[in-house]
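Residues per chain are reported as follows:
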Amino acid sequence: MQIYRHGPWLKFILAETNMDSKNLNEPNIKLLTKTLASNYKKYWKYELYNDQRKAPGQKNKLRTYRTFKIDFEYEEYWDLLDNKYDKKLLCNFRLGVNKLHIETGRYYPYIPSEDRLCYSCISHQETVEDEYHFILHCPRHSKLRNNLFATINSISTHFKSMNNPNKFIWLMNCRNKIILNNLSKYIRDAYNNRISKP
């Protein structure tokens, strides 16, 4: 194993972990790896819940993600989805990198998060178009949602009895291949079905 001892990144890491480049042997490298992983997990958790932003009124972009993602670990859905497009689609949806107004309103022209309304619902009620609304409530997608929920209820006996916040968390953490593929199909079809501008 080749170790580059002179890079500034290595000096920084060694200083942060109180190690010296002269004694980078295999046990110390393992300790260094373990320390870096532990430090990164702490940093990840801090950023997940850090609501202090530089611009006034900005909120943490990961506010939905943190409702269902509590541990820094590999996500099994990545191995269960059938194709790369569905993997990317669900990954981006979970991370808040999507076409919903809660996301697109962050860009020019900036719209405060509470004003990023669902254009499909604007005539009925003023509802923010976020991931939760998109999956569970938007009336424009009710037919697609009914199909998705029928599939889920045929596989999971307890889904129907859950309240909506728990349904959302359960869906985002699901490890069933059939349900995940149907969830990705719902997201894809509902994106195509939504009204993106008034």
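Residues numbered from 1 in each chain as written. Predicted model: local features only at pLDDT ≥ 70, side-chain atom pairs only at ≥ 80, totals over all residues. Heavy atoms only, no water.

**Details of the overall build of the chain**
A tally of regular secondary structure across the chain gives ten helices and zero strands. The order of helices and strands in the chain, counted from the N terminus, is α-α-α-α-α-α-α-α-α-α. Burial analysis of the chain (198 residues in total) assigns 36% to the buried set. The long-range fraction of contacts in the chain, counting pairs at least 24 apart against all pairs at least 6 apart in sequence, stands at 53%. As displayed, the chain offers around 12600 Å² of accessible surface, 55% of which is attributable to carbon and sulfur atoms. (Helix = DSSP H or I, 4+ residues; strand = E, 2+ residues; numbered from the N terminus. Buried < 20%, exposed > 50% of the residue type's maximum accessible area, 1.4 Å probe, protein only. Contact = heavy atoms within 4.5 Å. Areas by Shrake-Rupley, 256 points an atom, 1.4 Å probe, with all protein chains shown as cover.)

**Description of the packing of aromatic side chains**
Counted according to the given criterion, the structure contains twelve aromatic pairs. Ring centres of Tyr77 and Trp78 lie 6.4 Å apart, and the angle between their planes is 75 degrees; this geometry places the pair in the edge-to-face category. On the basis of relative accessible area, Tyr77 is assigned to the buried category, the value being 6%. The class for Trp78 is partly exposed, based on a relative accessible area of 36%. Summarising the aromatic geometry, the rings of Phe134 and Tyr186 are spaced 6.0 Å apart at their centres and angled 65 degrees between planes, so their arrangement reads as edge-to-face. Here the residue Phe134 occupies a position in helix α7 (residues 131–136), and Tyr186 occupies one in helix α10 (residues 177–193), the gap between them amounting to 52 residues. Since its relative accessible area comes to 3%, Tyr186 is described here as buried. Put simply, the rings of Tyr40, Tyr43, Trp44 and Phe72 touch in pairs and so form one group of aromatic residues. A cation over a ring is seen here: Lys167 above Phe159, with NZ or CZ 5.2 Å from the ring centre. (Phe/Tyr/Trp six-rings, centres within 6.5 Å; stacked < 30°, edge-to-face > 60°. Lys NZ or Arg CZ within 6 Å of the ring centre and 35° of its normal.)

**Section: the side chain of Glu75**
Inspection of the secondary structure assignment puts Glu75 in the loop between α3 (65–68) and α4 (77–80). Aside from chain neighbours lying at most four places away, what touches Glu75 is Lys69 and Arg94.

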